[in-house]
Amino acid sequence: QFNQMKQFVNDSGGEANIVNAVASLVTLRTQLLRLIYPVKPYASLKDMIHVFRTEVDMQRGELTSHLESVTQSFAALYRIIKGGKESAGIKACKDIIHFLSYG
């Protein structure tokens, strides 16, 4: 489902900041997969925090910059995913196809 939403956003002709936010979201998801989907459930929140502190590298700032990119564009990204918003160019192409098909 995540990959479908990612593809939809990329195909919707999103602006550069939206496409960058999607790329950052993919990076974050990839880096946090082991934390989010552990082999066995965490015994406690303390255990989860321990795994986060030991396995997620926040010192270099790379994940932080990706997180900032996603949060800065979150509202627009959410509107596209939730509302199926298309760019003006994509909408115009669909209008032409509809006009050619149905008059």
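See the structure above.
Residues numbered from 1 in each chain as written. Predicted model: local features only at pLDDT ≥ 70, side-chain atom pairs only at ≥ 80, totals over all residues. Heavy atoms only, no water.

Caption draft 1: Spotlight on the overall build of the chain. A count of helical and extended segments in the chain gives 6 helices and 0 strands. Per-residue burial over the chain gives 17% buried out of 103 residues. Taking as baseline every contact in the chain between residues at least 6 positions apart, the subset at least 24 positions apart corresponds to 64%. Accessible surface, the chain as shown: approximately 7900 Å² in total, 59% of it carbon and sulfur. (Helix = DSSP H or I, 4+ residues; strand = E, 2+ residues; numbered from the N terminus. Buried < 20%, exposed > 50% of the residue type's maximum accessible area, 1.4 Å probe, protein only. Contact = heavy atoms within 4.5 Å. Areas by Shrake-Rupley, 256 points an atom, 1.4 Å probe, with all protein chains shown as cover.)

Caption draft 2: Representation of the pattern of salt bridges in the model. With the rule as written, the count across this model stands at 1 salt bridge. Of the charged contacts in the structure, one is a salt bridge between Arg 34 and Glu 55, with a shortest N-O distance of 3.5 Å. Here Glu 55 lies in helix H3 (residues 45–55) and Arg 34 lies in helix H2 (residues 16–36), a separation of 21 residues in the sequence. For Arg 34, a relative accessible area of 61% corresponds to the exposed category. Relative accessible area serves as the criterion here: at 43%, Glu 55 is assigned to the partly exposed category. (Salt bridge = Lys/Arg side-chain N within 4 Å of Asp/Glu carboxyl O.)

Caption draft 3: Inspection of a nonpolar patch on the surface at higher detail. There is a patch of nonpolar side chains on the surface, built from Leu 33, Ile 36 and Tyr 37 and spanning about 300 Å² of accessible area. Mapped onto the fold, Ile 36 is located in helix H2. (Patch = residues over 30% accessible without salt bridge, like charges linked within 9 Å, V, L, I, M, F, W, Y side chains within 5 Å.)

Caption draft 4: Representation of H2 in the model. Over its 21 residues, H2 extends 28 Å from the first C-alpha to the last, a length consistent with the 30 Å expected when each residue adds 1.5 Å. Thr 30 marks the point of greatest bend in H2, at about 35 degrees. All buried positions along H2 are accounted for by Ile 18, Ala 21, Val 22, Ser 24, Leu 28, Leu 32 and Leu 35. (Expected span 1.5 Å × (residues − 1). Bend = angle between axes of the 7 residues up to and from the residue.)

Caption draft 5: How the structure looks around helix H4 (residues 62–72). Those residues of H4 that fall on the buried side of the exposure criterion are Leu 63, His 66, Ser 69 and Val 70. Projection of H4 onto a plane perpendicular to its axis shows the buried side chains occupying an angular sector of 120 degrees, all on one side. The exposed set on the far side of H4, more than 90 degrees from its buried face, consists of Thr 71 and Gln 72. (Arc of directions from axis to C-beta.)

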